[in-house]
Each structure stands twice: as structure tokens, then as C-alpha cells.
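# Architecture at a glance
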Amino acid sequence: MLAYLNEVLGLSAQEGPWPDAQRLPLYLRGGRDYATLDVDGAKLLVVYAKQGEFSLPAFQKQMKKLREYWAGGIVLCFEKLTAYQRKALIEQRLSFVVPGSQIYVPCLGIVLQERMMPEQKEIERLSAGAQFLLLYLLYQKDTEPRSKVELARQIGTSGMNVTRGVQELSEAGLVKTERAGRCDYVSLLYSGRQAYEKASQYLVTPVQKRIFVKDSSNLLELPLSGETALAEMTMLNPPAVSCKAIGKRQYRSAQDSLEQVDPAWSMAQDYIALEIWKYDPRPLARCGLVDVVSLAVALSAQTDERIQMAVDAMLEGYKW
């Protein structure tokens, strides 16, 4: 918020801790942070509140108690607000700041609306990039937060793509970000099987399409996928035709060297099923097999009871 005030208004505002915050009753401290703000000699108390946990009627009552500890101006700070919430605060003449969007501090004669932030649509499905990032975090043995810069390097993508993915995962309630110094650190809110169960409603099949190609040395390093991979992990009998997975970018680079086959017109079974995935399956693969979560989602549309039972067995037997 401080940078926003100084950049937008050209002020030299300074923020500091509020020692009396520790003296507040518990109901005034829960879910909030406090700081003092000096704006050209005017002293203000900043209340950092969370949109989802804030109640306007309750805060109006709490203001009376808060005044026993602070007699000056009070400014609420939110990460985001809907148009309805902004209007309600303005009607009550409550000062507030939404960094990057709006400043309403009438006690200082400051009323500025840069732009109305569109309301975030509820996440229904993850994009391929966000899903890949989620799975990468899920499969890490440690739960240490990772910086966005570190994540971009580890999964081989741009910082912008990581930022977009983290935004999606945050909106879905799957990750949290913490600021330390000049870096944002990302970590899962859940771990292991619980993380999978929380994310399952947002996961999409990674398979873009399936084709059949002549088996060749170009395909040796690709991980097994589909029912072939499932058979390796369970008691399911393997299919007659092996299946492997390749990322769409890798496929575009290799497609000129691949010879497609029509199984209905091929006398010899010297071909494989090749699944073209929305993301590269190799970084998540283990022991020559695609990762269990991607495989489970890819097979979720199968109506064969044997396959669904095998998927359940795979997930139950996996060491999260």
C-alpha cells in the first residue's frame, strides 16, 4: 500500500508499527494487522483487513472500542473489493485503500479511483499451466515455500507464466503466497492426498488428442501412459497396443519424423498409441510412467468398471 500511495499521489508517506496493537482485545486482533501511517504530518491508523472475513456492521461497533486506543483517522486496506462493497464503505464515510484500484480518504481530501477491478470469476477448471505447477508442487518431498523465480527455473517456464498459474491456484484456494524481501514465496495449503482431493474438482484431462504412430527410436524416452501405465501400477491386464505421452510442444517438433498409422488398415501391430498432452509429461514422470494424478484425470471419463477400479487402487496404493 505504501508504494501505491507514494507512486500515485506523489506523497512521502511513511508506515510504521503500532505498539498499542498488542493491547487490543482478541476480537479486534483476529484476522487483522495494524500499522501507523504518516502522510505529510497527518497520523493515520491502517487496518489491514481480509475481504472475506470483514463485516461492516460489526466493524462499526468495534470502532467505538478502537477509539479508546487511537483517536486519529482510521483507514481500512483491502487487497480487493467488489463495487457493492466499495459503495457501502463510502456511504458510511469509512476511509479505505485498495492498492492499484482506489483511494478514499476524505479526512485528507483524497478521493481517487484509478479503475474498477473486474470481479474475479470463480475458478471452474485450471489451465494446463496452472495444473502443471500444482502437480510439480504436489510431488515435492519437502513443503518449503519456493520463490516464483525459483519455480520458473525449475519447471522451465517464464516468470509471467508462473505468476498466472499462482494466481489461478490462489483463487482456487490451493496455494498461498508470502512476501519476503523482494520475492514472493509459494507453497501448497494442503499436502499429499488431501491436496489431490481439494484440487480434484479443478483438474482437467491433460490429453489433447490421441493418435497412432509407428513405433520408433524417437519415442523411446517418452513415458508410458493410458491403460499401459495403469497396468504397470496395478493388476490390470495391459492393452494390446502400448500407449505413451508427449507434450504438445514436443510433438510439434517431432511430428515430421513420426509416421501415423490407421489401426483399422494395419496388418502388423508395429505401432503405439500416442497421447498428445497439454503439458510436457516428462518432468512429472517417474520410472518411465506418467504421474499418477494426471493419469487418474486422463482416465476419469472411462466407463469401463475394470479401469475405474484400477484407478482407485492406484491412488490408494500411491505413497503420497
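Presented here is a report on the structure given in the accompanying data block. All residue numbers refer to positions counted from 1 along the written sequence of the respective chain. Note on the predicted model: pLDDT of at least 70 is required for a residue's local features to be given, and 80 or more for side-chain atom pairs to be given and counted; whole-chain, interface and lining totals, by contrast, use all residues. Values reported for side chains reflect all heavy atoms of the structure, with hydrogen atoms and water molecules removed beforehand.

### A closer look at the pattern of salt bridges
- We define a salt bridge as a contact between a side-chain nitrogen of Lys or Arg and a carboxyl oxygen of Asp or Glu at a distance within 4 Å. Overall, the coordinates contain 13 salt bridges when judged by the stated rule.
- Notably, a salt bridge pairs glutamate 91 with lysine 87, separated by 2.5 Å at the nearest N-O pair. Placement of the pair is glutamate 91 and lysine 87 together in helix H4 (residues 83-91), with a separation of 4 residues, close to one helical turn.
- Each residue is placed in one exposure class: buried if its accessible area under a 1.4 Å probe, protein chains only, is under 20% of its type's maximum, exposed if it is over 50%, and partly exposed if it falls in between. A relative accessible area of 52% places glutamate 91 in the exposed class. Labels follow the DSSP assignment, with helices taken as runs of H or I lasting at least four residues and strands as runs of E lasting at least two, numbered in each case from the N terminus.

### Concerning the packing of helix H5 (residues 128-138) against helix H7 (residues 159-171)
- Running from amino to carboxyl end, H5 crosses H7 at an angle of 80 degrees, the nearest separation of the two axes being 8 Å. The orientation of H5 with respect to H7, classified from their angle, is roughly perpendicular. On H7, the residues touching Ala130, Leu133 and Leu134 of H5 are Val162, Gly165, Val166, Glu168 and Leu169.
- Three classes are used: nonpolar for Ala, Val, Leu, Ile, Met, Phe, Trp, Tyr, Cys and Pro, charged for Asp, Glu, Lys and Arg, and polar for all others, with Gly counted as polar. Across the contact of H5 with H7, the residue classes tally to 6 nonpolar, 1 polar and 1 charged. With axes taken as lines fitted to C-alpha atoms, and helix axes fitted only over the stretch in contact, angles between N-to-C directions fall between 0 and 180 degrees. Small angles under 35 degrees read as roughly parallel and large ones over 145 as roughly antiparallel, with 65 to 115 read as roughly perpendicular and the rest as oblique. For this analysis, residues touch if any pair of their heavy atoms sits within 4.5 Å.

### Notes on the side chain of aspartate 291
- The residue aspartate 291 is located in the loop between strand E13 (271-277) and helix H11 (292-298) in this model.
- Counting rule for charge: Lys and Arg are taken as positive, Asp and Glu as negative, and neither His nor the chain ends is counted. Buried charge aspartate 291 goes without a salt bridge, the closest partner of opposite sign being arginine 286 at 8.2 Å.
- The definition of a polar contact used here is a pair of N or O atoms within 3.5 Å, where within protein one atom must be able to donate a hydrogen and the other to accept one, and adjacent residues in sequence count solely through side-chain atom pairs. At 2.6 Å, the side chain of aspartate 291 forms a polar contact with the side chain of tyrosine 139.
- One polar contact links aspartate 291 to serine 294, side chain to side chain, over a distance of 2.7 Å.

### Considering the sheet that holds strand E10 (residues 183-188)
- Strands were regarded as paired on the criterion that DSSP finds at least two bridges between them. On the basis of which strands lie adjacent, the open sheet formed by 3 strands has the order E8-E10-E9 and antiparallel pairing. Edge strands, defined here as strands with exactly one partner in the open sheet, are strand E8 (146-147) and strand E9 (175-180).
- The sheet contact formed by E8 and E10 spans 2 bridges and is antiparallel. Looking at E10, one finds that arginine 146 is bridged to valine 186.
- Against the sheet, H5 touches E8, E9 and E10, its axis set at about 75 degrees to E10.

Interpretation in functional terms is not warranted from these geometric data alone.
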